[in-house]
Amino acid sequence: MNLKFRNKKISGILTVLPENEVKFDDEIDNYNFSKSQSMKLKLVMGYDKRRIVIGGTTASDLCVYGMNYLFDQNLLHKDEIDVLILVTQSPDYFMPPTSHVIHGQLDLKQDMICMDINQGCSGYVVGLNQAFMLLEHEEINKVVLLNADVLSPKVSKRDRNSNPIIGDGASITIVENDASGKAIFSAVKVDGKGSEALIIPAGGFRTPSTSETAEPREDDAGNFRALDHLKMKGDDVFNFVQREVPPMIEGLLLKADLDKEDIDYYMFHQPNRFMLRKLADKIGVPYEKMPNNIVENFGNSSGVSIPTTITYNLGDKLLKDSFLICMAGFGTGLNWASLVMNLEKLQFCELINYK
Amino acid sequence: MEKIILHLLSEIRPEFDFSESSNFIAEGLLDSFDIVQLVTALDEAYNISIDGLDILPENFSNLEAIKATLIKNGATT
């Protein structure tokens, strides 16, 4: 589905990452593979450092910390927030919605809209689209889009498929109306037949957690994980991304009447270095225009990876300059979504540590 | 081309003799992560970028399949 929005803008992006850092080299012995094999893979995939929560920190903790930072810095005021959207796959509870927990902790006004969206690696683009749609209502002027995931506790430490890339984090994006805003083009696609390609099989109502679902078992490739853990069919996900993302970007640029060279940066979801380089090659853009340095520095934090890529790679530049950005997220669902828009003169664009 | 491929394979999995195998995948000589390493090594050796859609186990299951994948993606001998 193609979407087009007018007179909307992003006015600020904040990324909040846990201060706790773990290193691939320190975890190599967890995996059922030779050390030399794992070290070779480290170079190709970009495994190195990643940030994960400790001490039971949740998605709401990261979001509340970031929101209070913005309030304290006078970058955001409580009364001006009309909508609070939280995109997460790791809610604090099944019920109530985590966005409401955050609403309560921040003591926000009652006269507003507050909602959770369950979405993963495409969650930033999905959340932005939702914000743009809500801003079509004249009563709504400012949307706070929260993306947060703390999936590391749901990943087996002995799963070399997923553990070396997983990161935790949150982001806060302020989306508002802008009478002079340029057109924003987006494309959203879904294939629920692939819903088991990225899944946490147990722990929901279909298969509640038991002592049996917590028992790690070895898979064909030598990884140990339980049904309570995140399971990724890496080959299927890789093939899906290479098959579906390039034509989606091509179609998006066609709709926007843009050439690929017109885009300043391709800020894509960050699964691993190898996959991003293959995407850049296929789409035909230089690696410098499609940063792939988030997994190696912070890990892949699902829907938070695109704002992390923007704040880490552009940061202060976005306070004074303007860039035409193409974003794309792809993963669990299966869901893939992209968007092209101008980012210019943001009020804030930074990355902070949760302490 | 065959010599280069065998050399790269031996660097990735030195414990196996690839010249003795007819199916690297079925016989357990290569897994999907090995294929990722092999693709990276082949890309560098031949100054190409193997298309992501060609990164399938069957295209790396033996020397003939790898040679065909390389030629399809622009490698020259």
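Residues numbered from 1 in each chain as written. Chains lettered and ligands numbered in written order. Predicted model: local features only at pLDDT ≥ 70, side-chain atom pairs only at ≥ 80, totals over all residues. Heavy atoms only, no water.

Draft legend 1. Looking closely at the overall build of chain A. The number of helices and strands found in chain A is 10 helices and 17 strands. Taken against the 2.2 N^0.38 rule, which gives 20 Å for 355 residues, the C-alpha radius of gyration of chain A at 19 Å falls within 12% of a compact globule. Across its three principal axes, chain A shows a C-alpha extent of roughly 55 × 45 × 35 Å. Residue pairs in contact within chain A that sit at least 24 positions apart in sequence constitute 77% of those at least 6 positions apart. For chain A, the accessible surface area stands at approximately 14,900 Å², while carbon and sulfur atoms represent 47% of it. For chain A, the distance from the average site of its 38 positive side-chain charges to the average site of its 48 negative ones is 5 Å. (Helix = DSSP H or I, 4+ residues; strand = E, 2+ residues; numbered from the N terminus. Rg over C-alpha atoms; globule rule 2.2 N^0.38 Å. Contact = heavy atoms within 4.5 Å. Areas by Shrake-Rupley, 256 points an atom, 1.4 Å probe, with all protein chains shown as cover. Lys, Arg positive; Asp, Glu negative; His and termini not counted. Charge placed at Lys NZ, Arg CZ, Asp CG, Glu CD.)

Draft legend 2. Broad picture of the interface of chain A and chain B. Each partner contributes residues to the interface: chain A has 18 residues there, and chain B has 20 residues. Both sides of the chain A and chain B interface together cover about 1,500 Å² of buried area, and 57% of this is carbon and sulfur. On inspection of chain A and its partner chain B, the count reaches 2 salt bridges. Across the pair A:Lys278 and B:Asp43 runs a salt bridge, and its minimum N-O distance is 2.5 Å. For the pair chain A and chain B, the interface holds 9 residue pairs in polar contact (both at pLDDT 80 or more). For the side of chain A that touches chain B, the secondary structure elements donating two or more residues are helix H2 (35-45), helix H6 (234-255) and helix H7 (273-283) of chain A. Here the side of chain A that touches chain B is composed, by residue class, of 7 nonpolar, 4 polar and 7 charged. (Buried area = accessible area lost by both parts, 1.4 Å probe. Salt bridge = Lys/Arg side-chain N within 4 Å of Asp/Glu carboxyl O. Polar contact = N/O pair within 3.5 Å; in protein donor to acceptor, adjacent residues only side chain to side chain. Nonpolar A, V, L, I, M, F, W, Y, C, P; charged D, E, K, R; others polar.)

Draft legend 3. Highlighting the nonpolar core. Counting residues in each nonpolar core, the largest one holds 72 residues, and the members touching the most others are A:Phe268, B:Leu42 and B:Leu70. Counting residues per element, this core draws most heavily on H6(A), at 9 residues. The residues contacting B:Leu42, other than those within four sequence positions of it, are B:Ile5, B:Leu8, B:Asn47, B:Ile48, B:Ile50, B:Phe60, B:Ile66 and B:Leu70. Of all hydrophobic cores here, the second largest spans 36 residues; its members include A:Leu3, A:Leu135, A:Ile184 and A:Met267. (Core = buried A, V, L, I, M, F, W, Y, C linked by side-chain atoms within 4.5 Å. Buried < 20%, exposed > 50% of the residue type's maximum accessible area, 1.4 Å probe, protein only.)

Draft legend 4. Just unusual backbone geometry, in detail. All names here are of chain A. At the junction of Met 95 and Pro 96, the peptide bond is cis and its omega measures out at 5° in the coordinates. Counting through the fold element by element, Pro 96 comes out in the loop between strand S5 (83-87) and helix H4 (98-106). At the junction of Gly 333 and Leu 334, the peptide bond is cis and its omega measures out at -10° in the coordinates. On the secondary structure map, Leu 334 appears in the loop between strand S15 (322-331) and strand S16 (335-344). Positioned with a positive phi, Lys 345 is a non-glycine residue whose angle comes to about 40°. Looking at where Lys 345 falls in the secondary structure, it is placed in the loop between S16 and strand S17 (348-354).

Draft legend 5. Local environment of a negative patch on the surface. Residues and elements named next belong to chain A. On the surface, Asp 257, Asp 259, Glu 261, Asp 262 and Asp 264 cluster together to form a negatively charged patch. Considering the arrangement of structural elements, one finds Glu 261 in the loop between H6 and strand S14 (265-268). On the basis of relative accessible area, Glu 261 is assigned to the exposed category, the value being 55%. (Patch = residues over 30% accessible without salt bridge, like charges linked within 9 Å, V, L, I, M, F, W, Y side chains within 5 Å.)

Draft legend 6. Examining the side chain of A:Thr309 more closely. Residue and element names in this part refer to chain A. Position of Thr 309 among the secondary structure elements: in helix H9 (residues 305-313). Residue classification places Thr 309 among the buried residues on the basis of a relative accessible area of 0%. Among the polar contacts listed, one links the side chain of Thr 309 to the backbone oxygen of Ser 305, at a separation of 2.6 Å.

Draft legend 7. Layout of the packing of aromatic side chains. Residues and elements named next belong to chain A. Applying the stated rule across the entire model yields 13 aromatic pairs over all chains. The interplanar angle of 50° and the centroid separation of 5.1 Å between the aromatic rings of Phe 5 and Phe 132 together place this pair among those described as tilted. Note that Phe 5 is positioned in strand S1 (residues 2-5) and Phe 132 in helix H5 (residues 123-134), a separation of 127 residues in sequence. One exposure class covers both Phe 5 and Phe 132, and it is buried. Look at Tyr 65 and Tyr 354: their rings are 5.0 Å apart centre to centre, the planes differ by 70°, and that puts the pair in the edge-to-face class. Here Tyr 65, found in helix H3 (residues 59-72), pairs with Tyr 354, found in strand S17; they are 289 residues apart in sequence, far enough to count as distant. An aromatic cluster of at least three residues, connected via ring pairs, comprises Phe 24, Tyr 31 and Tyr 47. (Phe/Tyr/Trp six-rings, centres within 6.5 Å; stacked < 30°, edge-to-face > 60°.)

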